[in-house]
Amino acid sequence: MSQQLLDILKSTFGDAVLETHSQHGDDTAVVAASRWAEIARFLRNDPRCDMDLFVDLCAVDYPRREPRFEVVLHIYSIGKKHRLRLKTRVGDQDGDGAELDTITSIWEGANWLERETYDMMGIVFRGHPDLRRILLYSEFVGHPLRKDYPADRTQPLVPYREGYEKVAPFGPNEGMSFGRQTHRTGKFE
Amino acid sequence: MGDLTLNNTTTHILEGSETGFATTRVDALLGWARKYSLFAYPFVTACCGMEFMALASPRFDHARFGAEAPRFSPRQADLLWVVGTISQRQAPALKRIYEQMMEPKYVLAFGTCASSGGFYDNYTTLPGIDKVIPVDVYVPGCPPRPEAVIDGLLLLQDKIARGDRRPAIVKPREDPKVISASNLVQLRRKELT
């Protein structure tokens, strides 16, 4: 059904699509990291693809592979009712150079998920408007979901934090325009 | 430490027509007054909270022990219930809450996670709240039975009455005596002829 999606990708981007895989209506495409954001934007905007729902973004650590990390994006088209898993591979054996262009400008929901991927795996998203830790605290050293992070390492305790950390450049909704704060700025105000 | 002491005081209720007096020490009187007027601040973070609700509900009813008044400001409380897992990130907030409480103040670690971190031996969990604040009574269990928590509460009251600030642990109760097999009805399959 959505095998067509993979065909569209392959015919449009050619060599940038490294691998494809399709089983039981579950389609995966592995693309070159250098064209990650470009392909994502194509999938969002092309009327044949129309992937308007950002579902999930995460990363997997394969410590014996080179490139080491696999960043996984799940997207869905509400109108066309097809979904796609888009993967790319970044980072060397030491975990350095794990950088990728941000897709925040394509799907706003990617904002916090990219922050979480950065927090847990240490993958840097170039051009992200506010790339800082989201679950852990700023004093935390390392990225705990990497396979080489010691399972039993305990981080030193941190002091009590006075005031708020920076919320720029978003304001109170932290960049999630569909968040709770937005409903208050509607017709009731 | 860790054991309830036998109460060797005598009680005699005066009739309306009688008059009398009692002698005691000031610290004993203060301890007696404090142990029955614990104002609790529940710091509930995880699944142990369910057991805490059971404890507060009529079936187990910790109001019987003079410890039922919850105060949701630490400034008005003198017993801090730490119920559930405390993460590294939360630890400074817990410490700040403890510092805001008025003296004399007591801490009860409810459950294994608050006592020692439990099975969360990982990057994010505080291995026991005694890394941050002093603890008076540890109640192990995942979660502890309400009876174990009541044991812990009585242990704390006993410690308050004695003026004992050393940490104490609720010990596991002994299993009820196993009924010997001869007393049980034996179910046998009827022999086929």
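Procedures and definitions
Residues numbered from 1 in each chain as written. Chains lettered and ligands numbered in written order. Predicted model: local features only at pLDDT ≥ 70, side-chain atom pairs only at ≥ 80, totals over all residues. Helix = DSSP H or I, 4+ residues; strand = E, 2+ residues; numbered from the N terminus. Buried ≥ 20, exposed ≤ 12 C-beta atoms within 10 Å, placed from the backbone. Contact = placed C-beta atoms within 7 Å. pLDDT = per-residue confidence, 0-100. Core = buried A, V, L, I, M, F, W, Y, C linked by C-beta atoms within 7 Å. Nonpolar A, V, L, I, M, F, W, Y, C, P; charged D, E, K, R; others polar. Expected span 1.5 Å × (residues − 1). Pairing = 2+ DSSP bridges. Axes fitted to C-alpha atoms, helices over the stretch in contact; angles between N-to-C directions. Right-handed = clockwise from strand over helix to strand, strands pointing away. Parallel < 35°, antiparallel > 145°, perpendicular 65-115°, else oblique. Left-handed = near helix turned anticlockwise from the far one by under 90°.

### A look at the overall build of chain B
Then step 1. Along the backbone of chain B there are five helices and six strands.
Then step 2. Burial status across chain B gives 32% buried among its 193 residues.
Then step 3. Of the contacts formed within chain B by residues at least 6 apart in sequence, a portion of 79% connects residues at least 24 apart.

### Description of the confidence of the model for chain A
Then step 1. In this model, chain A carries a mean pLDDT of 83, and residues with pLDDT of at least 70 account for 84%.
Then step 2. Low pLDDT, under 50, characterises residues 181–189 of chain A; the predicted model gives this stretch five contacts beyond four residues in sequence or across chains.

### Let's talk about the nonpolar core
Residue and element names in this part refer to chain B.
Then step 1. Membership of the largest hydrophobic core comes to 42 residues, with the highest contact counts inside it found for Leu 79, Trp 81, Val 82, Leu 108, Ala 109 and Phe 110.
Then step 2. Here this core gets eight residues from one element, more than from any other, and that element is helix α5 (residues 146–162).
Then step 3. Each residue touching Val 82, except ones within four places of it in the same chain, is listed here: Phe 43, Leu 94, Val 107, Ala 109, Phe 110, Ala 114 and Ile 129.

### Some thoughts on the interface of chain B and chain A
Then step 1. Chain B puts 13 residues into the contact, and the matching count from chain A is 13 residues.
Then step 2. Taken together, the residues of the side of chain B that touches chain A break down into six nonpolar, two polar and five charged.

### Some points on α5(B)
The periodicity of an α-helix, 3.6 residues per turn, causes residues three or four positions apart to be oriented the same way.
All names here are of chain B.
Then step 1. A rise of 1.5 Å per residue sets the reference length of α5, with its 17 residues, at 24 Å; its end C-alpha atoms lie 24 Å apart and thus fit the reference within 8%.
Then step 2. Within α5, twelve of the 17 residues are buried, which leaves it mostly tucked inside the rest of the structure.
Then step 3. Among the residues of α5, those classed as buried are Pro 146, Ala 148, Val 149, Ile 150, Gly 152, Leu 153, Leu 155, Leu 156, Gln 157, Lys 159, Ile 160 and Ala 161.
Then step 4. Buried-residue contacts for α5 involve α1 (26–35), α2 (48–56), β4 (106–110), β5 (137–139) and β6 (168–169).
Then step 5. Gly 163 occupies a position one or two residues after α5 and carries a positive phi of about 70°.

### Quick look at the environment of Gly152(B)
Residues and elements named next belong to chain B.
Then step 1. Inspection of the secondary structure assignment puts Gly 152 in helix α5.
Then step 2. For Gly 152, a count of 24 C-beta atoms within 10 Å gives the class buried.
Then step 3. Counting along the chain gives 42 residues from Gly 152 to Phe 110, while the straight-line C-alpha distance between them is 8.9 Å.
Then step 4. Gly 152 has contacts with Leu 108, Val 137, Val 139 and Val 170, leaving out every residue within four places of it along the chain.

### Concerning the sheet that holds strand β5 (residues 82–90) of chain A
All names here are of chain A.
Then step 1. Strand order in the open sheet made by the five strands is β1-β2-β5-β4-β3, with mixed pairing throughout. Only two strands of the sheet have a single partner each, and these edge strands are β1 (17–23) and β3 (53–61). When strand polarity is set aside, the average angle formed by the axes of neighbouring strands in this sheet is 20°.
Then step 2. The pairing of strand β4 (residues 69–77) with β5 spans nine bridges and is classified as antiparallel.

### Here's the deal with the pairing of β5(A)
All names here are of chain A.
Then step 1. Taken together, the four bridges between strand β2 (residues 26–31) and β5 define a ladder with parallel strand orientation. Each bridged residue has a counterpart across the sheet, and for Val 30 the counterpart in β5 is Lys 87.
Then step 2. Linking β4 back to β5 in an antiparallel pair, the connection comprises four residues, with Lys 81 at a positive phi of about 55°.

### As for the sheet that holds β6(B)
Residue and element names in this part refer to chain B.
Then step 1. The strand order across the open sheet formed by six strands is β2-β1-β3-β4-β5-β6, and the pairing between neighbours is parallel. Across the chains shown, the open sheet's two edge strands, defined by having one partner strand only, are β2 (69–70) and β6.
Then step 2. In this sheet, strand β3 (residues 79–83) lies alongside strand β1 (residues 39–44) in parallel orientation, the contact comprising five bridges. Looking at the pairing, Ala 40 lines up with Leu 79 of β3.
Then step 3. Each of β1, β3 and β4 touches α2; the most contacted strand, β3, lies at about 130° to it.
Then step 4. Across the sheet, α5 lies against β4, β5 and β6, angled at about 170° from β5, the strand it touches most.

### Focus on unusual backbone geometry
Excluding glycine, residues mostly carry a negative phi; peptide bonds, for their part, are mostly trans.
Then step 1. Between Glu103(B) and the following residue, Pro104(B), the backbone shows a cis peptide bond with an omega angle of -10°.
Then step 2. Cis geometry marks the peptide bond from Cys142(B) to Pro143(B), where omega comes out at -10°.
Then step 3. Within the element layout of this structure, Pro143(B) appears in the loop between β5 and α5.
Then step 4. In this model, Lys81(A) sits at a positive phi of 55°, which is unusual for a non-glycine residue.

### Let's talk about the pairing of β1(B)
Residues and elements named next belong to chain B.
Then step 1. In terms of strand pairing, β1 meets β2 through two bridges, oriented parallel. When the sheet's bridge partners are listed, Phe 39 is paired in β2 with Ala 69.
Then step 2. In the classification by handedness, the crossover that spans β1, the intervening α2 and the parallel β2 is right-handed.

### Description of the confidence of the model for chain B
Low-pLDDT stretches of the model should not have their predicted coordinates read in fine detail.
All names here are of chain B.
Then step 1. In the predicted model, chain B carries a mean pLDDT of 84, and the fraction of residues at 70 or more is 84%.
Then step 2. Element-level mean pLDDT values for chain B span from 84 in β2 up to 94 in β4.
Then step 3. Listed scores for the predicted complex are pTM 0.76 and ipTM 0.71.

### Brief notes about the environment of Leu84(A)
Then step 1. By the secondary structure assignment, Leu84(A) is in strand β5.
Then step 2. Here the alpha-carbon distance between Leu84(A) and Glu162(A), two residues 78 residues apart in the chain, equals 44 Å.

### Side note on the packing of α1(B) against α5(B)
All names here are of chain B.
Then step 1. Viewed as axis vectors pointing N to C, α1 and α5 meet at an angle of 155°, and their least axial separation amounts to 7 Å. As summarised for this structure, α1 and α5 are arranged roughly antiparallel, according to the angle between their axes. When the axes of α1 and α5 are compared, the crossing they make is right-handed. Contacts between α1 and α5 involve Gly 31, Trp 32, Arg 34 and Lys 35 from the first element and Gln 157, Ile 160, Ala 161 and Arg 162 from the second.
Then step 2. Partitioning the contact of α1 with α5 into residue classes produces three nonpolar, two polar and three charged.

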